[in-house]
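These are the residues of each chain, in order.
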Amino acid sequence: MPRESVRFGLDHLAIRLDPIIGQGLAADLNGLPWTVVLTELDRSRGKQPRDYNAKDVQCQLRMLSERLGNLGYPFDNHARLVSTLANELRIVRNAEKHYDELTTMDAWRAHDTCVRLLTHFEDVPGAEVAASFRDEAIAAVVAESGTPVSPVAHNDALGAVKVEEVLPEPIDGANVDDEYVAPSEDVLTRADGNDTPTIGTERSMFEPWVPVVVGEVGMLDNVARKVNKDRVRAVATEIAEFEGPIHIDRLITLVAASFEVPRLTTKRRQKVDRQVRQLDLYLDADLFLWPSSIDRDSWTEFRPNISTTNREFLHISPVEIANASRFIEKRSPAITSDELDVDTLRTFGRKRRTKAVATHLESARMLAES
């Protein structure tokens, strides 16, 4: 069964990744388990911290795909190969855990990704076992279709989709100047740094999800089929957990990119929108989706970004903007209202105040003052 095959592959991967992660961070952990990094990341991001299991592949994939505070991306390179592979496996793990329908082709892709990940870490014995799972999956695909399959097909197709190629340039008019805008140093350091001695006092910058191709456009167009519906929802859930709070329009665009959508037509957008709204996520009145790990009413964090980050100002939650405004005002009690607006915009890589930006900023200001 494809599900059992995927589960065996992920269980094997978990066994191999635990020591790889532990050894890779040994110099920074001072004898602590590597899972302390995830607990501290939760604290730094305003999430409810909890204990993590080093044998849980979900935790391991987070370590490989997310920025680990001051530790950066210790397992990745400039090409983001590890993050790309880990993101695909995060989606597969989500699908397997929630008993979504999986195909023999899904199993083949999952095992091939495991092979590539373990090969990158030079784990030859682990990669050999993963390759045996892949060979079994290939045989199952051939038995089902009667058509020979080459492993190269997935290797060529798999890759990160650049966010710049997926999301249009911001339409809020705030970035029309060529001038580079970066947050001030004051907002990049958290006041509660003593709670995160392993990852440091660095505030988490906004990190965009890097889409990975997990299916063809036909799956999106035929989303009524359970297997396709399950895959779309699994992708959306992982993106929302990674980027949330996230505007529903941004989420729809990123989900569509995972299915190689050449053009996001109104009909396709509606199909994804319908699936996204069925997720077990809180959708607020401003159309921002909140992951279960963040309580909108008590969240006080924010994620600064530079002007070259492709995140439209209108796609930043008013709650997040209000949190930044409160932080800045607390640091500088004598700041004027206009200065506060300037510093708040700068925190998110913005300088110009178009009508749309001013309206959005006003909504956040009213929230901050409430």
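Here, every reference points to the structure presented above.
Here the structure is a predicted model, which means the values were calculated and not measured. All residue numbers refer to positions counted from 1 along the written sequence of the respective chain. Only residues with pLDDT of at least 70 are given local features in this predicted model, and only at 80 or more are side-chain atom pairs given and counted; all residues enter the totals for whole chains, interfaces and linings. Side-chain figures throughout are based on the complete set of non-hydrogen atoms in the structure, without hydrogens or water.

S.K.: Looking at this model, I keep getting lost on the overall build of the protein chain. Mind explaining?
M.R.: In this description a helix means any DSSP run of H or I spanning at least four residues, a strand means any run of E spanning at least two, and both kinds are numbered starting from the N terminus. Of regular secondary structure, the protein chain possesses 15 helices and 3 strands. Dimensions of the protein chain, computed from the C-alpha atoms along their principal axes, are close to 70 × 55 × 35 Å. Looking at the protein chain as a whole, 55% of its 370 residues qualify as buried. Excluding contacts between residues fewer than 6 apart, the proportion of contacts in the protein chain whose partners are at least 24 apart in sequence is 72%. Each accessible area value is a Shrake-Rupley result obtained with a 1.4 Å probe; residue values ignore everything except the protein chains displayed when judging cover. Of the roughly 17100 Å² of accessible surface on the protein chain, a fraction of 51% belongs to carbon and sulfur atoms. Across the protein chain, the mean location of the 46 positive side-chain charges is 4 Å away from that of the 60 negative side-chain charges. When a residue's accessible area, from a 1.4 Å probe over protein chains only, is under 20% of the maximum for its type it is buried; when over 50% it is exposed; and in between it is partly exposed. Contacts were defined at the residue level, with two residues in contact if any of their heavy atoms lie within 4.5 Å. The charge count treats Lys and Arg as positive and Asp and Glu as negative. His and the chain ends do not count. For this purpose, a charge sits on NZ of Lys, CZ of Arg, CG of Asp or CD of Glu.

S.K.: Help me out: how do you make sense of the packing of aromatic side chains in this one?
M.R.: Any pair of aromatic rings gets described here by the distance separating the centres and the angle formed by the planes. Between 30 and 60 degrees the pair is tilted, below 30 it is stacked and above 60 it is edge-to-face, where a pair is any two Phe, Tyr or Trp rings, Trp via its six-membered ring, whose centres lie within 6.5 Å. Under the criterion given, the structure shown has 5 aromatic pairs. Where Trp-209 meets Phe-242, the ring centres are 5.4 Å apart and the plane angle is 75°; that geometry is what we call edge-to-face. Taken together, the residues span a long stretch of sequence, with Trp-209 in the loop between helix H8 (163-166) and helix H9 (217-221) and Phe-242 in helix H10 (residues 226-243) at a distance of 33 residues. Residue Trp-209 is classed as buried on the basis of its relative accessible area, which comes to 0%. Residue Phe-242 is classed as buried on the basis of its relative accessible area of 14%. By the criterion adopted, a ring carries a charge over it if an Arg CZ or a Lys NZ lies within 6 Å of its centre and within 35 degrees of its normal. For the cation-ring pair, Arg-203 lies above Phe-327, with the distance from its terminal atom to the ring centre recorded as 4.5 Å. Positioned over the ring face of Phe-206 is Arg-311, at 4.0 Å from the centre of the ring.

S.K.: Please explain the side chain of Asp-284 as it appears in this structure.
M.R.: Counting through the fold element by element, Asp-284 comes out in the loop between strand E2 (282-283) and strand E3 (288-290). A relative accessible area of 5% places Asp-284 in the buried class. There is a polar contact of 2.9 Å between the side chain of Asp-284 and the backbone nitrogen of Phe-288. Non-local contacts of Asp-284, meaning those with residues more than four positions away in its chain, are made with Trp-290 and Arg-296. In protein, a polar contact requires one atom able to donate a hydrogen and another able to accept it; more generally it is a pair of N or O atoms within 3.5 Å, and residues adjacent in sequence count only if both atoms are side-chain atoms.

S.K.: How do you make sense of the packing of helix H1 (residues 2-29) against helix H5 (residues 104-120) when you look at a structure like this?
M.R.: Helix-helix packing is characterised by the crossing angle of the two axes and by the distance between the axes. Throughout, an axis means a line fitted to C-alpha atoms (over the contacting stretch in the case of helices), and angles, computed between N-to-C directions, take values from 0 to 180 degrees. Here H1 crosses H5 at 15°, and the two axes come no closer than 9 Å. Looking at the two axes, H1 sits roughly parallel to H5. Here the hand of the crossing between H1 and H5 comes out left-handed. Here H1 contributes Pro-2, Ser-5, Val-6, Gly-9, His-12, Leu-13, Arg-16, Leu-17 and Ile-20 to the contact with H5, which in turn contributes Thr-104, Ala-107, Ala-110, His-111, Cys-114, Leu-117 and Leu-118. Looking at the contact of H1 with H5, its residues break down into 10 nonpolar, 5 polar and 1 charged. Angles below 35 degrees are treated as roughly parallel, those above 145 as roughly antiparallel, those between 65 and 115 as roughly perpendicular, and all remaining angles as oblique. By convention the crossing between two helices is left-handed if the near helix lies anticlockwise of the far one by an angle smaller than a right angle, and right-handed if it lies clockwise. Residues are grouped as follows: nonpolar covers Ala, Val, Leu, Ile, Met, Phe, Trp, Tyr, Cys and Pro; charged covers Asp, Glu, Lys and Arg; every other residue, Gly included, is treated as polar.

S.K.: I would appreciate a short explanation of the pattern of salt bridges in the present structure.
M.R.: Any two side chains of opposite charge can pair, so long as their charged atoms come close to each other. Salt bridges are defined by distance alone: a side-chain nitrogen of Lys or Arg within 4 Å of a carboxyl oxygen of Asp or Glu. This structure, assessed with the given rule, holds 30 salt bridges. The shortest N-O distance in the salt bridge between Arg-7 and Glu-96 comes to 3.7 Å. Of the two residues, Arg-7 sits in helix H1 while Glu-96 sits in helix H4 (residues 81-97), which places them 89 residues apart along the sequence. Taking relative accessible area as the criterion, Arg-7 reaches 30% and is therefore assigned partly exposed. With relative accessibility at 13%, the residue Glu-96 sits in the buried group.

S.K.: I keep staring at the sheet that holds E2 and nothing clicks. Help me out?
M.R.: Pairing between the strands of a sheet comes from backbone hydrogen bonds, and it takes one of two forms, parallel or antiparallel. By the convention used here, strands pair only if DSSP detects at least 2 bridges between them. Across the sheet, 3 strands lie side by side as E1-E3-E2; this open sheet has antiparallel pairing. The open sheet has two edge strands, strand E1 (246-247) and E2, and neither has a second partner. Examined bridge by bridge, E1 and E3 share 2 bridges and lie antiparallel to one another. Within E3, the position partnered with Ile-246 by the bridge is Leu-289.

S.K.: Got a minute to help me understand the state of the cysteines in this structure?
M.R.: Cysteine pairs can be linked by a disulfide, which is a covalent bond between their two sulfur atoms. Working definition: a disulfide is two cysteine sulfur atoms within 2.5 Å of each other. Overall, the coordinates contain 0 disulfides when judged by the stated rule. Sulfur of Cys-59: no disulfide; nearest cysteine sulfur belongs to Cys-114 and is 16 Å away. A relative accessible area of 3% means that Cys-114 is categorised as buried.

S.K.: Can you walk me through the side chain of Arg-350 in this structure?
M.R.: Mapped onto the fold, Arg-350 is located in the loop between helix H14 (337-347) and helix H15 (355-369). Residue class for Arg-350 comes out buried when judged on its relative accessible area of 1%. Of note is the side chain of Arg-350, whose polar atom sits 3.2 Å from the backbone oxygen of Phe-348.

S.K.: Explanation requested: the packing of H4 against H5 in the structure shown.
M.R.: At a minimum axis separation of 10 Å, H4 and H5 run at an interaxial angle of 145°. When you trace H4 past H5, the crossing you get is left-handed. From H4, Leu-81, Val-82, Leu-85, Glu-88, Leu-89 and Val-92 reach across to H5, where they touch Arg-109, Ala-110, Thr-113, Cys-114, Arg-116, Leu-117 and His-120. Here the contact of H4 with H5 is composed, by residue class, of 8 nonpolar, 2 polar and 3 charged.

S.K.: What's the story with helix H13 (residues 318-331) in this structure? I'm lost.
M.R.: It helps to recall that an α-helix has 3.6 residues per turn; residues three or four apart then point in one direction. Multiplying one less than the number of residues by 1.5 Å gives the expected span of a helix. The end-to-end C-alpha distance of H13 is 20 Å, a good match for the 20 Å that 14 residues give at a rise of 1.5 Å each. Burial analysis of H13 places 10 of its 14 residues in the buried class, the great majority of the element. Considered for burial, the residues of H13 that qualify are Pro-318, Val-319, Glu-320, Ile-321, Ala-322, Asn-323, Ala-324, Ser-325, Phe-327 and Ile-328. Capping of H13 at its N-terminal end is provided by Ser-317; its side-chain oxygen lies 3.1 Å from the backbone amide nitrogen of Val-319.

Just geometry here; none of it tells us what the structure is for.
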